[in-house]
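Secondary and tertiary structure notes
Below, each chain spelled out in residue letters.
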Amino acid sequence: MKIGLAGYQGSGKSSLFQWLTGVEPDLAKSHLDQSAMATIPEPRVEELIRIYSPKKVTRAAIEITDTPGLSRTQEGNAQKLACLREADSLVLVVAGFGGLDPKVEYQKFYEDLILADMELVTRRMERVAESLRKSLPKEEKEKLQFEQETLEKINAGLTTGEPISAGGLDEDEKRVLAAFRLFTQKSCMVLVNTADDEQEPERFRGMLGDEIVVLAAPVGLMLELTKLSPEEGLELIEEMGLKTVDRDEVIRTMMDVSGQMLFFTAGEKEVRTWILRKQGTALDAAASIHTDLARGFIRAEVMSVGDLIRLGSERELKAAGLMRQEPKDYVIQDGDCLFIKFSV
């Protein structure tokens, strides 16, 4: 899972990247995308460590990519947007300081993404139309006709400024569009980079309605606070009277918006968190651990981390009849801890 940070030059996007990953971007490579991993916070891991005293603890991480800032004049944006297409999900960073209206900033930036998608789609439509004028085998022609119909449907939505969401497409249409990696088909959230003295960050949360998740934080200030101890940072925030989100909340929200969740494996050897798409099955979870587990899958032993923490041990959990045996099509739930039974 790669999450791309996008925004206009000067939005604070690179500061957000450093705050979330702890890695300072290389200014000499500002024209390129730069990636680093950010550990996904999960407080329940500490309780599992207490229960199992494992030899090893491994926390899942997501790849965050700082993409080149776009120019408001459109100059050089095509190459910069090409870097952004590789991301699976987007975080649009908009300025909420210096007299800028973050809602207007978002609308401008999203219009740029729509135009970039329109350009890509229309170019492909032209090539498909040219191919259809040739004599082709029936199967190939039908395939191209379906692609053309799908692209026309998408282009119609882009033209009106109301892109069709993935939910409005059937599986065949989604497969056609997969190779294009359209911006308007990616999951997306907005982070408003506020002034350091912003007293009402909550006012930004509903600015784009219920469809787009919006968080707000003084990114520059939060980055500076990482140079202090957690206690000193918290004290300074309280002294300034600020109400802001912390790094963990931003990362958890990014995970949620991108359609990902965590599941657990736990034992004396290792306690570990794993990334899985929402609605993923036990077989999907087994595959994310190791392909051999999926290939030889028999069943999954499933327990709730909440029950495990409440009862204090696996033995007590099993005695309470709370260890379940689930088949490969079982849909993983938040807080599930798995042990995969498989044959070699």
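Residues numbered from 1 in each chain as written. Predicted model: local features only at pLDDT ≥ 70, side-chain atom pairs only at ≥ 80, totals over all residues. Heavy atoms only, no water.

Concerning helix H3 (residues 77-84)
For H3, the complete set of buried residues consists of Asn 77, Lys 80, Leu 81, Cys 83 and Leu 84. Buried residues of H3, seen end-on, are gathered within an arc of 150 degrees and therefore sit on one face of the element. Facing away from the buried side of H3 by more than 90 degrees, the exposed set consists of Ala 78 and Gln 79. Tucked into the core, H3 has its buried residues touching strand E1 (2-6), strand E5 (89-96) and helix H4 (102-132). (Buried < 20%, exposed > 50% of the residue type's maximum accessible area, 1.4 Å probe, protein only. Helix = DSSP H or I, 4+ residues; strand = E, 2+ residues; numbered from the N terminus. Arc of directions from axis to C-beta. Contact = heavy atoms within 4.5 Å.)

Thoughts on the packing of aromatic side chains
A complete count under the given rule lists three aromatic pairs for this structure. Seen in terms of ring centroids, Tyr 106 and Tyr 110 are 5.7 Å apart; in terms of plane orientation they differ by 15 degrees. Their pairing is stacked. Note that Tyr 106 and Tyr 110 are positioned in helix H4 at a spacing of four residues, about one turn of the helix. Its relative accessible area of 21% is what places Tyr 110 among the partly exposed residues. Seen in terms of ring centroids, Phe 263 and Trp 274 are 6.3 Å apart; in terms of plane orientation they differ by 15 degrees. Their pairing is stacked. Of this pair, Phe 263 sits in strand E8 (residues 260-266) while Trp 274 sits in strand E9 (residues 270-277), and the two are 11 residues apart along the sequence. The pair formed by Phe 263 and Trp 274 is uniform in burial state, with each residue classed as buried. Note that Arg 85 overlies the ring of Phe 183, its terminal NZ or CZ placed 4.0 Å from the centroid. (Phe/Tyr/Trp six-rings, centres within 6.5 Å; stacked < 30°, edge-to-face > 60°. Lys NZ or Arg CZ within 6 Å of the ring centre and 35° of its normal.)

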